[in-house]
Amino acid sequence: MEEANNVVLSNGISMPRLIQGLPLIMKLAKINKAEFIQIVRTSFDAGISAFDTSHDYGKSEEYLKYAFRELEESGVERKCFFVTSKIGNSQQYAGNIEKYVDDSLKTMGLDYLDLMLLHWPVPGLYIDNWKKLEKVYKKGKIKSIGIANAQIRHLKALLSSEIEIVPHVLQTEIHPFNSCEDIRAYCNKNKISLQSCSSLCLMIDKVKYNSLLNELGSKYGKSVAQIMLKWLLQNNVSPVFRAFKQKHIEEMKDLFDFTLSEDDMKKISGLNENYRYHPESVNCAGF
Amino acid sequence: MKRRKKKIVLSTTFIIFISALLAFVNIGLSLILLLLYFTSLSVYLVYYFLNKLITFTNWWHNQFVYTQQFISNAGYRKDLTRNYEVVNVGSNPARFSFFYEDILGENWSTGTQGLDMDLEILRYFHSYLKKGAYVLLPIVPFSSVSGYLTKPSIPYIAKFTKILDSLQVNNNVKLRTAKEYLTNPLKYKWKAIKYLVKDVPKDNRLDIVEQSMQLSEMKQDALRWMKIWKDEFKIETLESSLPEHLQNGRIVSIEMMNHMISFLLERGYKPVLVSPPMSKSLAELFTPQIKETYIDSFVRDIMKVYDIPYLDYIDNEEFQNNSLYFNALFMNLRGRKLFTKRVLADLGL
């Protein structure tokens, strides 16, 4: 991938801007190992070299071991792909962060992770667990660390807690219907790189049939998904998306061959209604 | 269920094996062992199925009838409603005070609900609220001393284990202990077995539109409520100043309320204290002195810490009309709609 398709984190690590999310939960739990490996292979061949998983994503970490093995056997070096995983809430309650990092490494058959996130800012726990994660980072098992689904108040609390490392990445739900302008400004100011999860708001009907997005799709000759991902990229946000079908994966190649005008960017931003597909507190009580 | 079957199969196999060995030594002992085991197993299975059967009764369902409005972690991918403008928590009077007809709102009262469970519900469900949403915190009679009730019943707490997050439940001693009630209700309420023979009617109080009591019945019901509260809180004379044994309960209630308000403000919501109205029959018994001791002084103590709006409708004659209630305290559907409209108008919504 060209350098423009990567972003440099505050610690100098280069992170690809497009990230294939690999949750094998709910309906996706039925995806078998062979299909999963194919998804990873097809993604890599289409230029997507970053993969996002988690302890809480079913068999995702386990299947990634085989997918990475296949990539390496075909001559792809480890440094050519970027792997993100996350510490789940139950793991945060248990607190043995280094063990869970080791578990992820072992499950995925890796020597290091490119990025490890605390999946949620679990109240009363995330700050201490962050400090534990810092220690693991210093040991070299993880190249960068961050937090997911945090709001500004969580970040402020973290930054004012005598931590040594400002999160390199914040991953949170951002898309035109939940534009998070304040979070984006805060992260920009504090040099925290942003990743968006649920970048397409799961293509629910209000998104899929939105007239503005469809009009812009026609205008630029792109799909609604491509318009939304491009809006994110131009807002300096690296989208985590989930494209498991070949044609959707292929669409990602065409994200860097067009630019949304400033006017169109503003129109898309005007869709914001602070709509979160994932209500945070039902994933993290006390959020 | 699978684990239970597996345990039964394994233990049966083990006992049969031991009996068979024992038969070589003493056939009588072997038979006694088998008899004891199969008797115990039968008793256990009957007990298990009775517990299962009880969950089909109205008595059982009535305990959870006011928990259907919550969209869980499993349900939010199907129910895409987000950004509520207003919700309320609170105990039974709150359940029967609010009905959001023309605004995206929800009643987060499950019926009997203490301040601690109000907070647990807010902790788990608040992200359904829009930024800056209103959260109505009802001050119902004796909220101010609810902290006195330190030993809530297991069935009451078990209701919340059904709707809250599993980690939230497992990390709360009260909730964790009460979970067992959901699968083993007869352990805690063995007398409920009578409902398998003669069940209670289904709870349809939310559907009652009109006043269903005559005035004489309302007056009796009002007296009944006053007696319930006096017994529950061991108050000899309601007209006296706050009894000593309730002082600590008052402090705990203030702390819980302040904690809830702080939680909401930290997240950018707008908490509003609301004293819902009561019927004329009950309001006549709820004298200014009682109101001062158990409501007004409590509200003042909260407002010393947090300057938030307080809407007091207890003495509002418009809502004391008995026709808006189906008993002396609970509003019928017509009453709830009218009252909610008024509260929303007073909030500028």
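As shown above, the structure is provided for reference.
Below is a summary of the structure that appears in this document. (Residues numbered from 1 in each chain as written. Chains lettered and ligands numbered in written order. Predicted model: local features only at pLDDT ≥ 70, side-chain atom pairs only at ≥ 80, totals over all residues. Heavy atoms only, no water.)

### Topic: the overall build of chain A
Turning to step 1, where the next piece is worked out: Within chain A, the regular secondary structure consists of 12 helices and 10 strands.
Turning to step 2, where the next piece is worked out: Taking 287 residues into account, the globule formula puts the C-alpha radius of gyration at 19 Å, and chain A, at 18 Å, falls close to it.
Turning to step 3, where the next piece is worked out: For chain A, the C-alpha atoms occupy an extent of roughly 50 × 45 × 35 Å along the three principal directions.
Turning to step 4, where the next piece is worked out: Within chain A, the fraction of its 287 residues that count as buried is 60%.
Turning to step 5, where the next piece is worked out: The long-range share in chain A, meaning contacts at least 24 apart out of those at least 6 apart in sequence, stands at 76%.
Turning to step 6, where the next piece is worked out: Computed over 37 positive and 35 negative side-chain charges, the separation of the two mean positions in chain A equals 3 Å. (Helix = DSSP H or I, 4+ residues; strand = E, 2+ residues; numbered from the N terminus. Rg over C-alpha atoms; globule rule 2.2 N^0.38 Å. Buried < 20%, exposed > 50% of the residue type's maximum accessible area, 1.4 Å probe, protein only. Contact = heavy atoms within 4.5 Å. Lys, Arg positive; Asp, Glu negative; His and termini not counted. Charge placed at Lys NZ, Arg CZ, Asp CG, Glu CD.)

### Regarding the overall build of chain B
Turning to step 1, where the next piece is worked out: Scanning chain B from terminus to terminus reveals 14 helices and 5 strands.
Turning to step 2, where the next piece is worked out: Overall, chain B is about 85 × 45 × 40 Å in size when its C-alpha atoms are taken along their principal axes.
Turning to step 3, where the next piece is worked out: Per-residue burial for chain B yields a buried fraction of 50% across its 349 residues.
Turning to step 4, where the next piece is worked out: At a minimum sequence separation of 6, the contacts of chain B that also span at least 24 residues come to 74%.

### Re the interface of chain B and chain A
Turning to step 1, where the next piece is worked out: The interface of chain B with chain A comprises 22 residues on the first partner and 22 residues on the second.
Turning to step 2, where the next piece is worked out: The interface formed by chain B and chain A holds 1 salt bridge in total.
Turning to step 3, where the next piece is worked out: Asp182 of chain A serves as the salt-bridge partner of Lys131 of chain B, at 3.7 Å between the closest nitrogen and oxygen.
Turning to step 4, where the next piece is worked out: At the surface where chain B touches chain A, the tally comes to 20 residue pairs in polar contact (both at pLDDT 80 or more).
Turning to step 5, where the next piece is worked out: Ranked by the residues each element gives to the side of chain B that touches chain A, the list is headed by helix H5 (residues 115-125) of chain B, at 3 residues.
Turning to step 6, where the next piece is worked out: Counted by class, the side of chain B that touches chain A contains 9 nonpolar, 6 polar and 7 charged residues. (Salt bridge = Lys/Arg side-chain N within 4 Å of Asp/Glu carboxyl O. Polar contact = N/O pair within 3.5 Å; in protein donor to acceptor, adjacent residues only side chain to side chain. Nonpolar A, V, L, I, M, F, W, Y, C, P; charged D, E, K, R; others polar.)

### Here's the deal with the pairing of strand E3 (residues 129-138) of chain B
All names here are of chain B.
Turning to step 1, where the next piece is worked out: The buried fraction of E3 is high, at 8 of 10 residues.
Turning to step 2, where the next piece is worked out: By the bridge criterion, 4 bridges tie strand E1 (residues 84-88) to E3 in an arrangement that is parallel. Bridge assignment links Asn88 to a residue of E3, and that residue is Leu136.
Turning to step 3, where the next piece is worked out: For E3 and strand E4 (residues 270-275), the ladder comprises 5 bridges, and the chain directions are parallel. Residue pairing across strands places Leu137 opposite Leu273, the latter belonging to E4. (Pairing = 2+ DSSP bridges.)

### Thoughts on a positive patch on the surface
All names here are of chain B.
Turning to step 1, where the next piece is worked out: Where like charges cluster on the molecular surface, the positive patch consists of Arg3, Arg4, Lys7 and Lys52.
Turning to step 2, where the next piece is worked out: Broken down by element, the residue count for the positive patch peaks at 3 residues, all from helix H1 (residues 2-25).
Turning to step 3, where the next piece is worked out: Tracing the backbone through its elements, the reader meets Arg3 in helix H1.
Turning to step 4, where the next piece is worked out: Judged by its relative accessible area of 70%, Arg3 falls in the exposed class. (Patch = residues over 30% accessible without salt bridge, like charges linked within 9 Å, V, L, I, M, F, W, Y side chains within 5 Å. Areas by Shrake-Rupley, 256 points an atom, 1.4 Å probe, with all protein chains shown as cover.)

### Quick notes on the sheet that holds strand E5 (residues 310-312) of chain B
Each strand in a sheet pairs with another by means of backbone hydrogen bonds, the pair being arranged parallel or else antiparallel.
All names here are of chain B.
Turning to step 1, where the next piece is worked out: In spatial order, the strands read E2-E1-E3-E4-E5; together these 5 strands make up an open sheet with parallel pairing. Two strands close off the open sheet at either side, each with one partner strand: strand E2 (105-107) and E5. Between one strand axis and the next, the sheet turns by 20° as a mean value, whatever way the strands run. (Axes fitted to C-alpha atoms, helices over the stretch in contact; angles between N-to-C directions.)

### Comments concerning helix H2 (residues 60-73) of chain A
All names here are of chain A.
Turning to step 1, where the next piece is worked out: The terminal C-alpha atoms of H2 lie 20 Å apart, and with 14 residues this matches the ideal 20 Å at 1.5 Å per residue to within 8%.
Turning to step 2, where the next piece is worked out: Those residues of H2 not exposed but buried are Ser60, Glu61, Tyr63, Leu64, Ala67, Phe68 and Leu71. Buried residues of H2, viewed axially, fall in a sector of 150°; they line one side.
Turning to step 3, where the next piece is worked out: Looking at the buried side of H2, the elements it contacts are helix H1 (33-45), strand E4 (50-52), strand E5 (82-87) and helix H4 (97-108). (Expected span 1.5 Å × (residues − 1). Arc of directions from axis to C-beta.)

### A look at the packing of helix H10 (residues 224-234) of chain A against helix H12 (residues 262-269) of chain A
Two packed helices can be described by the angle between their axes and the distance between those axes.
Residues and elements named next belong to chain A.
Turning to step 1, where the next piece is worked out: Remark: H10 packs on H12, axes separated minimally by 11 Å, with the N-to-C direction vectors making an angle of 105°. It follows that H10 is roughly perpendicular to H12 by the angle criterion. Each of Ile227, Trp231 and Gln234 in H10 lies in contact with H12, whose residues at this interface are Met265, Ile268 and Ser269.
Turning to step 2, where the next piece is worked out: Within the contact of H10 with H12, the residues separate by chemical class into 4 nonpolar, 2 polar and no charged. (Parallel < 35°, antiparallel > 145°, perpendicular 65-115°, else oblique.)

### Describing a negative patch on the surface
Turning to step 1, where the next piece is worked out: A contiguous patch of negative charge, built from Glu70, Glu72, Glu73 and Asp111 of chain A, is present on the exposed surface.
Turning to step 2, where the next piece is worked out: With respect to the helices, strands and loops of the structure, Glu72 of chain A is situated in helix H2.

### A look at H1 of chain A
Along an α-helix, a turn takes 3.6 residues, which lines up residues three or four apart on a common side.
Residues and elements named next belong to chain A.
Turning to step 1, where the next piece is worked out: Between its first and last C-alpha, H1 extends 18 Å over 13 residues, near the 18 Å set by a 1.5 Å rise per residue.
Turning to step 2, where the next piece is worked out: For H1, the full list of buried residues reads Phe36, Ile37, Ile39, Val40, Arg41, Thr42, Ser43 and Phe44.
Turning to step 3, where the next piece is worked out: Against strand E3 (19-21), E4, H2 and helix H11 (246-251) lie the buried residues of H1.
Turning to step 4, where the next piece is worked out: Measuring from the side-chain oxygen of the N-cap residue of H1 to the backbone nitrogen of Ala34 gives 3.1 Å; that N-cap residue is Asn32.
Turning to step 5, where the next piece is worked out: Taken from the residues just after H1, Gly47 is the one with a positive phi, measuring 95°.

### Focus on the pattern of salt bridges
A side chain with one charge can pair with a side chain of the opposite charge if their charged atoms come near.
Residues and elements named next belong to chain A.
Turning to step 1, where the next piece is worked out: Summed over the entire model, instances satisfying the criterion amount to 40 salt bridges over all chains.
Turning to step 2, where the next piece is worked out: One salt bridge in this structure joins Asp103 and Lys99, with 2.8 Å as the shortest N-O distance. A residue pair is termed a helical-turn pair when its members lie 3 or 4 positions apart in one helix, as Asp103 and Lys99 do in helix H4 at 4 residues.
Turning to step 3, where the next piece is worked out: Among the residues examined, Asp103 registers a relative accessible area of 31% and is labelled partly exposed.

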